[in-house]
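Residue-level listing of the chains:
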Amino acid sequence: MKKFLRWLIHTVLKFLTTIDASGYENIPEKGGFVIAVNHLGFLDVPMAYYALDNWNLFIPVGEKWKESALWRWLGKYLNFIFIDRFNPDLKAIREMIKRMEDGQTLVIAPEGTRARDEKMAQGKPGVAYLASKMGWRIVPVAIIGTEDRVFRSNLKRFRRTQIRLVAGKSFMLPPFPKENREEVLQQYTDEIMCRIAVMIPERNRGYYADHPRLQELLKGSG
């Protein structure tokens, strides 16, 4: 079934889109790392299975989708973890840690949901906390061109949607200090988001458009 789904995803995306993927040299050879992405539209989820040759990855998905029989079925074969996005979900967190220890790759959008206004929202701190605590390497990946509005418009005109995937250089967050942990956690979260934002068009940067850390990255300082 996984082979069929992989073939289906590739076939459908090749028919409906033109995808330019770059930055593969920044992807670690072994699993156990995090791919952090922005989330523009519903096409973002299958992008991971299209861009990566192996399926040794998993994606956290909002628990509301678990109510759908179709999404539960897909989740079984596409390695979804249904997670409560609004409350601490210890069961899901333990499962994520276990999979990472087994060498799987976590693909996650720190925003938590797709940008319906086509602009980045403030990132949630969960992945920054886990990456710092567990020592996980992070690869920022920008997804460009998957806005639902753009895709639907192209679909009506029988045009392929032009999509770009760009992987930036991987990095690791320092361990948490004993003091000012909440402030540091926010800084770590912003670091992840700004490293994604620097690779996407200005129109999509939203919450991070004027962030001082983004300005540093745009100037090439760190």
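Along each chain, residue indices are assigned from 1 in the same order as the chain's sequence is written. For a predicted model such as this one, the threshold for reporting local features is a pLDDT of at least 70, and the threshold for listing and counting side-chain atom pairs is 80 or more; totals across whole chains, interfaces and linings nevertheless cover every residue. Hydrogens and water are ignored here; the side-chain numbers use all heavy atoms of the structure.

This next bit is on the nonpolar core. Among buried residues, the Ala, Val, Leu, Ile, Met, Phe, Trp, Tyr and Cys ones that are joined through side-chain atoms within 4.5 Å form a nonpolar core. Remark: exposure states derive from per-residue accessible area (1.4 Å probe, protein chains only) relative to the maximum for the residue type, with buried under 20%, exposed over 50%, and partly exposed in between. Ranked by size, the top nonpolar core spans 37 residues in total, and within it Val-34, Leu-106, Trp-136, Ile-138, Leu-173 and Ile-192 carry the most contacts. Strands here are runs of E lasting at least two residues and helices are runs of H or I lasting at least four, both read from the DSSP assignment and numbered beginning at the N terminus. When contributions to this core are tallied by element, the ones reaching two or more residues are strand 2 (34–37), strand 4 (80–83), helix 4 (90–101), strand 5 (105–108), helix 5 (126–134), strand 6 (138–144), helix 7 (181–197) and helix 8 (212–218). Ranked by residues supplied to this core, first place goes to helix 7 with 8 residues. In this structure, Ile-192 is in contact with Ala-36, Pro-110, Val-127, Ala-128, Ile-138, Phe-171 and Leu-173, ignoring residues within four places of it in sequence. Throughout, a residue-residue contact means that at least one pair of heavy atoms, one from each residue, lies within 4.5 Å.

Let us now look at helix 4. For a helix, the expected span equals 1.5 Å multiplied by the number of residues minus one. Between its first and last C-alpha, helix 4 extends 16 Å over 12 residues, near the 16 Å set by a 1.5 Å rise per residue. Taken together, the buried positions of helix 4 are Ala-92, Met-96, Ile-97, Arg-99 and Met-100. Buried residues along helix 4 cover an arc of 165° about the axis, so they all sit on one side. Opposite the buried face of helix 4, by more than 90 degrees, sit the exposed residues Leu-90, Lys-91, Arg-94 and Glu-101. Looking at the buried side of helix 4, the elements it contacts are strand 2, strand 3 (57–62), strand 4, strand 5 and helix 5. Following helix 4 by one or two positions, Gly-103 adopts a phi angle in the positive range, close to 90°. Each direction from the helix axis to a C-beta atom contributes to the arc, which is the arc of those directions.

Here a pair means two rings of Phe, Tyr or Trp (six-membered ring of Trp) with centres within 6.5 Å. Their orientation is stacked below 30 degrees between planes, edge-to-face above 60, and tilted elsewhere. Tallied over the full model, the rule gives 9 aromatic pairs. On the basis of an interplanar angle of 35° and a centroid distance of 5.3 Å, the ring pair of Phe-176 and Tyr-188 is categorised as tilted. A residue pair is termed long-range when its members are at least 10 positions apart, and Phe-176 in the loop between strand 7 (161–167) and helix 7 and Tyr-188 in helix 7 qualify at 12 residues. In terms of burial, Phe-176 and Tyr-188 fall into one category: buried. Among the aromatic residues, those joined into a cluster by ring pairs are Trp-65, Trp-71, Phe-80 and Phe-82. Cation over ring: Arg-195 sits above Phe-171, and NZ or CZ is 4.0 Å from the ring centre. Working rule: Lys NZ or Arg CZ, within 6 Å of ring centre, within 35 degrees of ring normal, means a charge sits over the ring.

The buried fraction of strand 6 amounts to 7 of the 7 residues, a majority that puts the element mostly inside the structure. Burial along strand 6 is two-sided: the face carrying Ile-138, Pro-140, Ala-142 and Ile-144 and the face carrying Val-139, Val-141 and Ile-143 are both buried. Any two strands between which DSSP finds at least two bridges are classified as paired. Across 4 bridges, strand 2 lies against strand 6 in parallel orientation. The residue bridging Ala-36 from the neighbouring strand is Pro-140, located in strand 6.

Within this document, salt bridges are pairs made up of a side-chain nitrogen of Lys or Arg and a carboxyl oxygen of Asp or Glu, the two lying within 4 Å of each other. In this structure the tally under the stated criterion is 7 salt bridges. The salt bridge involving Arg-149 is made with Glu-118; its shortest N-O contact spans 2.7 Å. Of this pair, Arg-149 sits in helix 6 (residues 148–156) while Glu-118 sits in the loop between strand 5 and helix 5, and the two are 31 residues apart along the sequence. Among the residues examined, Glu-118 registers a relative accessible area of 16% and is labelled buried. Arg-213 is the partner of Glu-216 in a salt bridge, and the nearest nitrogen-oxygen pair spans 2.9 Å. Highlighted residues: Glu-216 and Arg-213, both in helix 8, separated by 3 residues, approximately one helical turn. Since its relative accessible area comes to 15%, Arg-213 is described here as buried. In the salt-bridge network here, residues are joined through shared partners; they are Glu-191, Arg-195, Arg-213 and Glu-216.

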